[in-house]
Amino acid sequence: MTKASKIVTSFNFRGELDKIAYEKKKIKYIKLVTEQDAQWIKIPKKLRPKVANLSPGCRLEVEGSTKQNLKTGKVKHKAQMVVVLAQDSVATPEIRVKTASLLPIFNKKTKPKAKVLICQKSNCWKKGGKEVCSKIESILSDLGLSKEIPIKKTGCLKQCKKAPALVMLPDKARYNKVKPKQVEKMVAKHLIGNE
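Residues numbered from 1 in each chain as written. Predicted model: local features only at pLDDT ≥ 70, side-chain atom pairs only at ≥ 80, totals over all residues. Heavy atoms only, no water.

A. Layout of the side chain of Thr 34. Its location among the elements puts Thr 34 in the loop between strand E2 (26-33) and strand E3 (38-42). There is a polar contact of 2.6 Å between the side chain of Thr 34 and the backbone oxygen of Asp 37. (Helix = DSSP H or I, 4+ residues; strand = E, 2+ residues; numbered from the N terminus. Polar contact = N/O pair within 3.5 Å; in protein donor to acceptor, adjacent residues only side chain to side chain.)

B. Highlighting the pattern of salt bridges. One pass over the full model with this rule turns up 2 salt bridges. Residues Arg 14 and Glu 61 are paired through a salt bridge, measuring 3.3 Å at the closest nitrogen-oxygen approach. On the criterion of sequence distance, the pair formed by Arg 14 in strand E1 (residues 6-23) and Glu 61 in strand E4 (residues 59-69) is long-range, its members being 47 residues apart. Note on Glu 61: relative accessible area 5%, which makes it buried. For the salt bridge of Asp 18 with Lys 31, the shortest nitrogen-to-oxygen distance reads 3.7 Å. Taken together, the residues span a long stretch of sequence, with Asp 18 in strand E1 and Lys 31 in strand E2 at a distance of 13 residues. Owing to a relative accessible area of 18%, Lys 31 belongs among the buried residues under this scheme. (Salt bridge = Lys/Arg side-chain N within 4 Å of Asp/Glu carboxyl O. Buried < 20%, exposed > 50% of the residue type's maximum accessible area, 1.4 Å probe, protein only.)

C. Structural detail: a positive patch on the surface. Together, Lys 6, Lys 24, Lys 26, Lys 42, Lys 45, Lys 67, Lys 74, Lys 76, Lys 78 and Lys 113 make up a positively charged patch on the protein surface. Look at Lys 45 and you get exposed, because its relative accessible area is 67%. (Patch = residues over 30% accessible without salt bridge, like charges linked within 9 Å, V, L, I, M, F, W, Y side chains within 5 Å. Areas by Shrake-Rupley, 256 points an atom, 1.4 Å probe, with all protein chains shown as cover. Lys, Arg positive; Asp, Glu negative; His and termini not counted. Charge placed at Lys NZ, Arg CZ, Asp CG, Glu CD.)

D. Inspection of the sheet that holds strand E7 (residues 115-119) at higher detail. Ordered by their spatial adjacency, 4 strands build an open sheet running E8-E7-E9-E10, and the pairing between neighbours is mixed. Two strands in the sheet have a free side with no partner beyond their single neighbour: strand E8 (151-154) and strand E10 (173-175). For this sheet, the mean angle separating the axes of adjacent strands, direction not counted, is 20 degrees. Judged from the 4 bridges that link them, E7 and E8 form a sheet pairing that is parallel. In the strand pairing of E8, Leu 117 is matched with Lys 152. Across the sheet, helix H2 (residues 122-143) touches E7, E8 and strand E9 (166-169), and the angle it forms with E8 is around 165 degrees. Together, E7, E9 and E10 form the strand contacts of helix H3 (residues 183-192), whose direction differs from that of E9 by roughly 40 degrees. (Pairing = 2+ DSSP bridges. Axes fitted to C-alpha atoms, helices over the stretch in contact; angles between N-to-C directions. Contact = heavy atoms within 4.5 Å.)

E. Molecular detail of the environment of Ile 27. Among the structural elements, Ile 27 can be located in strand E2. When its relative accessible area of 5% is taken as the criterion, Ile 27 is described as buried. C-alpha separation for the pair Ile 27 and Ala 52, spaced 25 residues apart in sequence, amounts to 7.3 Å. The residues touching Ile 27, leaving out its near neighbours within four places in the chain, are Ile 20, Ala 21, Tyr 22, Ile 43, Arg 48, Val 51 and Ala 52.

F. Molecular detail of the nonpolar core. Among the nonpolar cores identified, the biggest contains 19 residues, and Ile 136, Leu 166, Met 168, Val 187 and Leu 191 are the most heavily contacted of them. When contributions to this core are tallied by element, the ones reaching two or more residues are E7, H2, E9 and H3. In terms of nonpolar packing, the next biggest core, distinct from the first, is built from 18 residues, Phe 13, Leu 32, Val 62 and Ala 79 among them. (Core = buried A, V, L, I, M, F, W, Y, C linked by side-chain atoms within 4.5 Å.)

Set out below in structure tokens:
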């Protein structure tokens, strides 16, 4: 049994934007001054274009995940949502301007970097891979997630005797002898996270 080397938790900070840090002319971090202290928060690619329009001094609420390395004690914060607060938000928190229309925010329904890898070699394709692939495409299309969750048709996944074979990312879950009726539960479990 291995010990975990990192602890992942969520955070919700409110404070004033102090600085925006750039790396190779791209926004990487923002410094948020809260009532307790200052926090450096990593900004993911999807939030960078609109965070660039924010100016120091504006009040923000930032939600995301925190990773703490148990060996070094180092803490890293990564934003998943940024909300610009109205100036009087401390007195009346319900009066706030949510930048959801301005900022592209991670879709809470999907896991980050979700993807399906499915073998398209002859054995897998003949033993039902084509039907499984079209079923996955149909489910993702119905949910409006076709663009967010790509389906990559790959070469051999080295499971020819257990065809058809596929892999669900980011969980790296491997499946063999997949039937179209099993696909819906697999998509919910690994790609959408409803289960």
